[in-house]
Every structure is written in structure tokens, then in C-alpha cells.
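Read off the chains here:
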Amino acid sequence: MVLRAPERPTPPAAVSRWRAGGRRPAAPRAVTPPPRTKRPGFGLIGWALSSAALLAIVMLVAGFAAFAHYARDLPDYTQLADYEPGITTRLYAGDGRLLAEYAVENRVFVPVAAVPAQVRQAFISAEDQHFYGHGGLDWLGIVRASLTNLANLGSGRRLVGASTITQQVAKNFLLTNEVSFARKIREAILALRIERAFTKDEILELYLNEIYFGRGAYGVAAAALTYFDKPLAELTLAEAAYLAGLPKAPNNYHPTRRPEAAVARRNYVIDRMLEDGAITAEQAIAAVAAPLEVADRSADPDRVEADYFAEEVRRRLQALHGDEALYGGGLQVQTTLDPRLQDIADRALRGGLIAYDRRHGWRGPIDRLDGFDDWPGQLAGLEHPAGAGDWPLAVVLEVTADAARVGLVDRRQAMVPLDEMRWARPALNGQRVGAEPRAVGDVLELGDVIVVERLDGMLTPAEATPGTPVDDAGAPIALPRYGLRQIPAVQGGLVAIDPHTGRVLAMSGGFDYAMSEFNRATQAERQPGSAIKPFVYMAALEADRQRPITPATLVLDTPLAVDLGPGGGMWRPDNYANDFLGPVPMRVGLERSRNIMTVRLLIEIGLEPVRALTRRFGVYDDMELHYSMALGAGETTLLDLTAGYAMIANGGLAIEPTLIDRIQNRRGETLWRHDQRDCAGCRTVALGEGIAPELPDDRERIADPVVAYQIVSMLEGVVRRGTGQRLAALGMPLAGKTGTTNDVRDAWFVGFSPDLVVGTYVGFDQPAPLGAGESGSSAALPIFGAFMAEALAGQDVPPFRIPPDASLVWVDRGSGRPSGPGAGSVLEAFRRGTEPGFTTDLLEPDYGAEGGLANRDLAPLTGTGGLY
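Everything quoted here is computed from the prediction, not taken from an experiment.

Once that is clear, we can look at the overall build of the protein. Each helix and strand in the protein was counted, giving 21 helices and 26 strands. Relative to its full complement of 868 residues, the protein shows a buried share of 47%. Intrachain contacts of the protein at a sequence separation of at least 6 include 69% that bridge at least 24 residues. As displayed, the protein has an accessible area near 43,100 Å², and 53% of this comes from carbon and sulfur atoms.

A few words now on the packing of aromatic side chains. Counted by the stated rule, this structure contains 17 aromatic pairs. Ring centres of Y227 and Y242 lie 5.8 Å apart, and the angle between their planes is 75°; on these two criteria the pair is classed as edge-to-face. Separated by 15 residues along the polypeptide, Y227 in helix 8 (residues 220–228) and Y242 in helix 9 (residues 237–245) bring together distant segments of the chain. The residues Y227 and Y242 share a single accessibility class, namely buried.

Time to look at the pattern of salt bridges. This structure, assessed with the given rule, holds 45 salt bridges. The shortest N-O distance in the salt bridge between E311 and R315 comes to 3.4 Å. You can see E311 and its partner R315 sitting in helix 12 (residues 307–328), four residues apart, about one turn around the helix. Of the residues examined, E311 reaches a relative accessible area of 9% and is grouped as buried.

Working note: a packed helix pair is described by the angle between its axes plus the distance between those axes. For the pair helix 15 (residues 533–542) and helix 19 (residues 638–649), the least separation of the axes is 11 Å and the interaxial angle reads 40°. When the axis of helix 15 is compared with that of helix 19, the two are oblique. Handedness of the crossing formed by helix 15 with helix 19: left-handed. For the pair helix 15 and helix 19, the contacting residues are P534, F535 and M538 in the first and L641, G644, Y645 and I648 in the second.

We now examine the sheet that holds strand 23 (residues 747–753). Reading across the sheet, the five strands line up as 15-14-24-23-22 and stay open at both edges, with antiparallel pairing between neighbours. The open sheet is flanked by strand 15 (504–508) and strand 22 (735–740), the only strands paired with a single partner. Recorded for the sheet is a direction-independent mean angle of 5° between the axes of neighbouring strands. Two strands pair when backbone bridges link them, and strand 23 and strand 24 (residues 756–763) are joined in this way by seven bridges, in the antiparallel orientation. Within strand 24, the residue paired with V750 across the bridge is G759.

Moving on, we get to the environment of L208. Considering the arrangement of structural elements, one finds L208 in helix 7 (residues 200–210). Classification of L208 by relative accessible area gives buried; the value is 1%. Here the alpha-carbon distance between L208 and I165, two residues 43 residues apart in the chain, equals 9.6 Å. Not counting the four nearest positions on each side in its chain, L208 is found in contact with V115, R120, F123, G219 and V220.

Here the focus is the side chain of T642. Following the sequence through the fold, T642 ends up in helix 19. Under the relative-accessibility criterion, T642 is labelled buried at 0%. A polar contact of 2.7 Å, which involves the side chain of T642, links it to the backbone oxygen of L638. Setting aside chain neighbours within four positions, we find T642 in contact with V495, I497, V750, V757, V758 and G759.

Taken together, the five strands give an open sheet; going across it, the order is 2-1-5-20-21, and neighbouring strands pair in mixed fashion. Looking along the sheet, the strands with just one partner apiece sit at the ends: strand 2 (98–102) and strand 21 (670–673). For this sheet, the mean angle separating the axes of adjacent strands, direction not counted, is 15°. As paired strands, strand 1 (residues 89–92) and strand 2 are joined by four bridges and run antiparallel to one another. If you follow R90 over to strand 2, its bridge partner there is E101.

Right, let's get into empty space enclosed by the protein. As enumerated under the stated definition, the model contains two cavities of 30 Å³ or more in all. Put simply, the largest cavity is a space of about 40 Å³. No other element matches helix 13 (residues 339–359), which puts three residues into the lining of the largest cavity. The residue inventory of the lining of the largest cavity, partitioned by class, reads three nonpolar, one polar and three charged. Roughly 30 Å³ of volume is contained in the second largest cavity. Lining the second largest cavity are P551, A552, P585, R587, V588, V811, D812, R813, G816, V826 and E828. In terms of residue class, the lining of the second largest cavity is built from six nonpolar, one polar and four charged.

With that out of the way, let us pick up the environment of V119. Here V119 is to be found in helix 3 (residues 117–127). Looking at V119, the relative accessible area reads 2%, which means it is buried. Separated by 122 residues in sequence, V119 and A241 have C-alpha atoms that sit 7.6 Å apart. Setting aside its immediate chain neighbours within four residues, V119 contacts V220, L232, L235 and A240.

In this section: helix 15. In an α-helix, one turn spans 3.6 residues; hence positions three or four apart end up facing the same way. Burial runs high along helix 15: nine of the ten residues are buried. Listing the buried residues of helix 15 in full gives K533, P534, F535, V536, Y537, M538, A539, A540 and L541. Considering only its buried residues, helix 15 is in contact with helix 16 (586–591), helix 17 (595–605), helix 18 (607–616), helix 19, helix 20 (705–721) and strand 22.

Moving on to unusual backbone geometry. At Q431, a residue that is not glycine, the phi angle is positive and equals roughly 60°. Counting through the fold element by element, Q431 comes out in the loop between strand 10 (427–428) and strand 11 (432–433). Owing to a relative accessible area of 25%, Q431 belongs among the partly exposed residues under this scheme. In this model, N578 sits at a positive phi of 55°, which is unusual for a non-glycine residue.

For helix 20, which comprises 17 residues, the first-to-last C-alpha distance of 24 Å matches the rise-based estimate of 24 Å (1.5 Å per residue) to within 8%. Counting buried positions over the 17 residues of helix 20 gives 14, a clear majority of the element. One side-chain oxygen of the residue at the start of helix 20 lies 2.7 Å from the amide nitrogen of V706, identifying that residue as D704.

Take Q491: it is sitting in strand 14 (residues 491–497). Reaching out from Q491, the side chain makes a polar contact with the backbone nitrogen of F511 at a distance of 2.8 Å. Not counting the four nearest positions on each side in its chain, Q491 is found in contact with L353, G510, F511, M515, R520, Y761, V762, G763 and D765.

Moving on to the packing of helix 3 against helix 7. At a minimum axis distance of 12 Å, the contact between helix 3 and helix 7 shows a crossing angle of 90°. Between helix 3 and helix 7, the interaxial angle falls into the category roughly perpendicular. Across from R120, F123, I124 and E127 in helix 3, the residues of helix 7 making contact are L204, Y207 and L208.

On the surface, I802, L808, W810 and L827 cluster together to form a nonpolar patch covering roughly 300 Å² of accessible area. Here L827 shows up in strand 26 (residues 825–831).

Moving on to the confidence of the model for the protein. The predicted coordinates of low-pLDDT regions are not to be read in fine detail. In the predicted model, the protein carries a mean pLDDT of 86, and 86% of its residues have values of at least 70. This model gives residues 8–23 a pLDDT under 50, and the stretch forms six contacts once residues within four places in sequence are excluded.

In this structure, E312 sits in helix 12. The spacing of E312 and A521 is 209 residues in sequence and 9.8 Å in space, taken between C-alpha atoms. Sequence-distant contacts of E312, defined by excluding residues within four places in its chain, comprise M507, N519, T522 and L659. A distance of 3.0 Å separates the side chain of E312 from the side chain of R316, its partner in a polar contact.

Cut-offs applied
Residues numbered from 1 in each chain as written. Predicted model: local features only at pLDDT ≥ 70, side-chain atom pairs only at ≥ 80, totals over all residues. Heavy atoms only, no water. Helix = DSSP H or I, 4+ residues; strand = E, 2+ residues; numbered from the N terminus. Buried < 20%, exposed > 50% of the residue type's maximum accessible area, 1.4 Å probe, protein only. Contact = heavy atoms within 4.5 Å. Areas by Shrake-Rupley, 256 points an atom, 1.4 Å probe, with all protein chains shown as cover. Phe/Tyr/Trp six-rings, centres within 6.5 Å; stacked < 30°, edge-to-face > 60°. Salt bridge = Lys/Arg side-chain N within 4 Å of Asp/Glu carboxyl O. Axes fitted to C-alpha atoms, helices over the stretch in contact; angles between N-to-C directions. Parallel < 35°, antiparallel > 145°, perpendicular 65-115°, else oblique. Left-handed = near helix turned anticlockwise from the far one by under 90°. Pairing = 2+ DSSP bridges. Polar contact = N/O pair within 3.5 Å; in protein donor to acceptor, adjacent residues only side chain to side chain. 1 Å grid on protein atoms, 1.4 Å probe; cavity = no way out; pocket = protein on both sides within 12 Å on 5 of 7 lines; lining within 4 Å. Points joined across faces, edges and corners; volume = space filled by probe spheres on them. Nonpolar A, V, L, I, M, F, W, Y, C, P; charged D, E, K, R; others polar. Expected span 1.5 Å × (residues − 1). Patch = residues over 30% accessible without salt bridge, like charges linked within 9 Å, V, L, I, M, F, W, Y side chains within 5 Å. pLDDT = per-residue confidence, 0-100.

The structure is reproduced here in C-alpha cells:
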């Protein structure tokens, strides 16, 4: 039997009865619950745990939301796989030495495998100690940086970062340098993604080649060259540590402006490397003790100086490949430059321009100082004049009859004797000069600012005047001897070419590149004057006539009037010296640059053959059909004219002048090369001793080799007997031609040995007469001579090559008739079968039995006779 407690009516039933009129129900008895066991702190802990869980959920949701927000529109990090940074384009001389560099960012890309382990470790220790252990973010570093920043709140110190190398790669390649939390979040997201897509070494390679090191150097390889002039493999531990410390703030650790900070930063990296176990304590001590010495690459003795040449190559690269390839494509350009010849060319041109300038007088001082209380400071405040080069500024402190005492920028004093200013006659209008100075006071005054050049020897002032350096006894001491100098107002150019290949071996485009980048060898189009005559004579020798013209053909050198047609009037050409030789061999006309003889030939053969020939030889694009063109009234450049002469020198074979041998891209692939011939023998491992591979000669023949040699022989006569005979003293086979234009506005000499062609030009940039007495033989020829004398010194220069079809016959220089060897004879070149005395259809004058000229040879210009 189960006892149950009586059931209590439910409140609703009781209420119902009460509402029906019954008695009010009694209040129920209170039931006391059983006592509970209390748990101390349970409410607070539970609340905290719940709050933490809720906060974690909120943060997780917020994190996912932030990630989704900042991950939107992120740059495509996979593009890093195709990373091709802007790399410096480099120009190299023919001997492999560096000539010039062009870049927006000076960078040399280097694979990470080629970076020495010590260099790699220096950067890892400096920037990211746990690089090989984290997945893109260094959480320990983040915590440490956060605590440091909290501790530094309110101190004004800069926030400490914890960016890994991977984060820096993300920022440098894909983001901006904006300082914000948004950028840091995007950077972190990209770092995590980059770590999943690339190996650690690939990331390190990107970093080392991209970062900026200051002084215009991007990437570690360029930095090693910029700061220490060394490849990476030659860096010392101290040098590697210094470079590793630079990316943080290159300007803050400048080696010369902030040497103490630079050394401290370097030593910090060394300590980090020691801490990481990358180096020993002994290595660290030695590296810390090493001085910080950086290289001055501007004074690199292995760097070739050829500014005009390099700038011309740059222009051609720009036209060929565009700016992007030139300044960021990492082109490797092998040029044709011969550094030895370039140095000779620069000195020869400068010497010739200085010599001309001195002949035309002293134009006065550069400036003048009013007081002498602080002459060193005043002198230092003056701008060094363009074109002065190594010539220092000086101020005249004392003038005596025989010398001037001058002060230099470095406060030293010197003496300029009267003998070094004898040339300084006052310059007058029209390139005339006044009387030769008899005393220093005729040239200089106190306070004059001049440029001077150090000479050998010392000179002692005559007496100890105020300001004169003296010894302990008060006697004047000997001072260095200097010479008065003047920056030339005239300009010029020189170009040297290999006649067999067209390779430009040297090029000087002016007195000094600092004065003007304008290249007078390639950009100045000037009238060649008489230097064009060899092409007129060649056209005459090529003329298809019943009786061919030869170098011995007699041509009249007598007054001439040419009817230029309706409205043109009469043209009366004249010779330079206003004299006439009468009937003389054609050779004489070229040797002595006879204008009238040249015009007679031009009238006989016509203008069209000359236009066609000058086009073939690249001298003119399209010569105007005017008789004055025979005397060089057209315009051409020094390079084009010299290349034309080169094609005469090589026997009439076409060449294309070039300053570039080969262009390669950053991967070493050849993009262009000047010599397109296929050299099968060059791929043979062994050809045998003394055997060289044979190359086909694919040059186009543009002139008969016999005709070309006839011109060479006549130009050799120019050097031996004609307007270029000053060169005969050099005692070597040389040929060439002077050129002088009307009013002597342009002076030329283009000449050659069998294997070297050189053209020179002198003139004002704004065309003006060079002055009375000047000509190609006085202004330009000495430059050519100075160049050839040094360029060919000690060489066994061979004679000019004679083609197989040429026949050499001794003829009289004055009459062109056959003769034996002798003082008045010349060994003349003829095509076989046209030698005088062997045929009956020669253009030579017909000498009768008595040795006189037969009247039938005195034919008019329009006929077929032999006398012109």
C-alpha cells in the first residue's frame, strides 16, 4: 500500500469556486526549499568566461570581416614570379672597360645563389632574424614591438616595427609607403600569401634586388659597386654588414656626411650576426675595428672617358629600342671604341683648337675682383667656367714687367711668367690681333680672374711685396710656375674609323662636353669645301667615255666663266690663291686643290654622275645639281664625309659606320650586331696553329678598285707635294685632302693610312670666318697630324694596297707624259691597257715628234679631246 499526500486543488479551481460565491480560499503554506551549497566566485568567473567567449567570437567575426574587407582588390602577388626589375644599361668599350651607364634605377640583378652566404646572413640578421622560421609574419617580433611601443607612449619616440623581409617585399612591390593600419593589414595578408607561393630563397632574391641603398643604388649588387667598387664576392664582413644596415634609412647612415651613425649601424648588424651565431667573436671584433672606407667611383681609373661617343650611342639606342629598354632594360652594349685612340683624339682636338685660339688673341679675363681682403673666399665663390676642365681659377695679386703673382682657390700662390703670355696679343674684330705683349701689364691687371695651367719648374718673385710668401729670413720663396690659358671660342670635331669594317674607333665632338653636348662630329652639318673634290675626280675617272680620263689627263687651269642659264648670270670660279697653272695633269688639280680644274671636270662629265657617286658613298643624301657643289657648297657631317673617304681607302667597298658592335638583353641574348656574317669556322673547336677562321666578304662594291686606287694615289700626292705636305714629315704612308669653304668658315682635313681613316673639322658653332690666313691646312690638318703621329707611333705602316688590274707607269708630274724615275716624276696608276704610249685612244695629249702639243688635243670643253 502506497501512501500519497492529499492532492491540493489547483489555484484555478479554487478561484473558480470563490468566484462562484464560496468562501475565500486560505493562503497556502510557505514551502521552504532545501539549503544550497554556495560556490565562492562562481558568478564572477562565469561572467568573465562568458564575456571572453563572446569577445572572442566578436573578434573572430570582426577579424574575418576585416580580412574580407582588406583582402578585396589586393594586388596579384603571383606577378612576382615574373619579376624583371629595371636594370642599368651599360656601355662597354672595345677592350671591355665600362664606358657609361643609363638607368632610372641603378640596379644589377643577381640571383640569390650568386649572393655569398655571409652577405645573405647580414641582411637576415639585420632585418628578419627568424626569416627561415616564420610563415610570413614574426608573431614574437610583433609582440615585442607592441610592448616596446606601449612602453614608449608619450615619449615622442618613433614606433618600432616588426616587418619581416616578406612583408617588406609585399610593401615594396605591391603596396605604397603609406603609414597606416590599413596598409599594414594588407601587407600582412600579402605576406602570408607570398609565403605560400614562393620559396624563402625566391623571396630573399626579390628583396635583395629591389631595395634602395642610397646614392642612387638599387639592389645589393649595385650597392656593392657604388659604395665599395667591388663585386659581392669580394665584400668583407664589415662591408657586408654596412650594406645590410642601409635599407632602414640610407640617408641617416651616409658614410661621409654621418660617419659616426654609419659605423654604429654597421656595428649593430655585426652584433646581431654574432648573436645569431653567424660569425665568431674574433670575426666580430675584427669587423668592428675595421674603418669604414667607401670608394670614389668618379675617379675610377678603369672607366673610359668618352662623353661625346657615349652620348651618340645613347641616342642611337634610344631610337632603336626606346626609353624603357634604354633606362630599365639592362642592355649590355659592346661599342667599337678604342680607349687609347679616344684619349689621343681628345688631346689632339683640344690641342688644335687651343693653337688656333691663341693665334687669334687674348679676349680678356673671365672676371675681376674689386678687393683683396678675402680673395680666397671671393675666388671660391665664383663658378668654375665650363670648358676649363683641370685649369684652376686664379686672381692676379701682383703685376711686374716679367711675371704675375696669382692666388689660387686653395689659397696657394703661383707665378705666371711673361713667356707664358707672349701669345696673348689683344683680339681685334675679324679674328685679327694686335701687337705682341712686351710686359705682363699689357695683358693682365690687378684683380683679373683668369684660368691657368700648372707647368714644370718654380719661379721666385723678384721682391717681397705685401702678401708675397716669404721664408723665415723675410726673403721671397719660390712659387709654382703656371701658364696663362684661355677657353677657345672655336669648336671642332674628330672621328677615326676602321675603313674595312666601318667601326668608329674614336670620336670627339667638341672642346669639352661640359660646354655643350652638341656633337660636331655627327650633328653639325657644314660645307665640306674642297674636301668634296676627291668624289668629283672619282666621278670623272669613272665616266664612260670613248677616251677615258686618267690621272695624267691635262686639264686647263685658266680663268673660266660658266653661263648658268636664263636669269642665272655668269659664274666665274676662282682658285684659293687667285693664280693659274695653265694645262696640267688632273693629278695636280687634286694635289693642289685647284677650283677651276675641278669645275672644268664637272662641266665635262655633268652633275648627275657626281650626285649618284656622293649618294653611293653616303656623303650627300641628294646633292643639288649646281656647279658650286663641286667646290663643297653642300652640307654634310664629319662622320659621313669620313666614312666616304673610308670607302675610297678600302678600294671602293661599301661600309656602314657604326659605334656599336653588339647589343644584348639582360639574359645575354643578342638583339642586334653590326657584323651579320656567319662564321662557321668560329664554332670549330680547333683550327690548328696559326690558322684563323675565314669570313666571307659580303661588302658591296660601289667603285672600281682601280679608280679607287687612283684617287688614293692622288691623295697620297696631296700629302707629299700638295696642300697636306706638312704631314710628309711623319714619314709614313698617308693620304688625305684639305677642305676650306668660302670666307674660311669651315676648315677640314680628312685623311688615312691603309688601315685607319681620320676626319677633322674646325669652325664656330655660329658660322663665322676663321680669319685671314686660316685654311684646312692650318686649322684642321695639324689636328690630324697630331693624332696620326701618336696613334701610329712605333707601327710598321704598310704601303697602300694596289689592285691587280692597276698598272703603274712613271710619268712627268708637270706634263703627264711617260718618263723614267726622277725628281719630277710620279708613279701613276692606270687601268691595264690605258697606259700612255700603249694605246691609240688615250685621253692623254698627243706628243708629236718634236715633243710639242698637237693642236688637235686642244679640244673645247664640250668635245672629246684630252685637254680641259
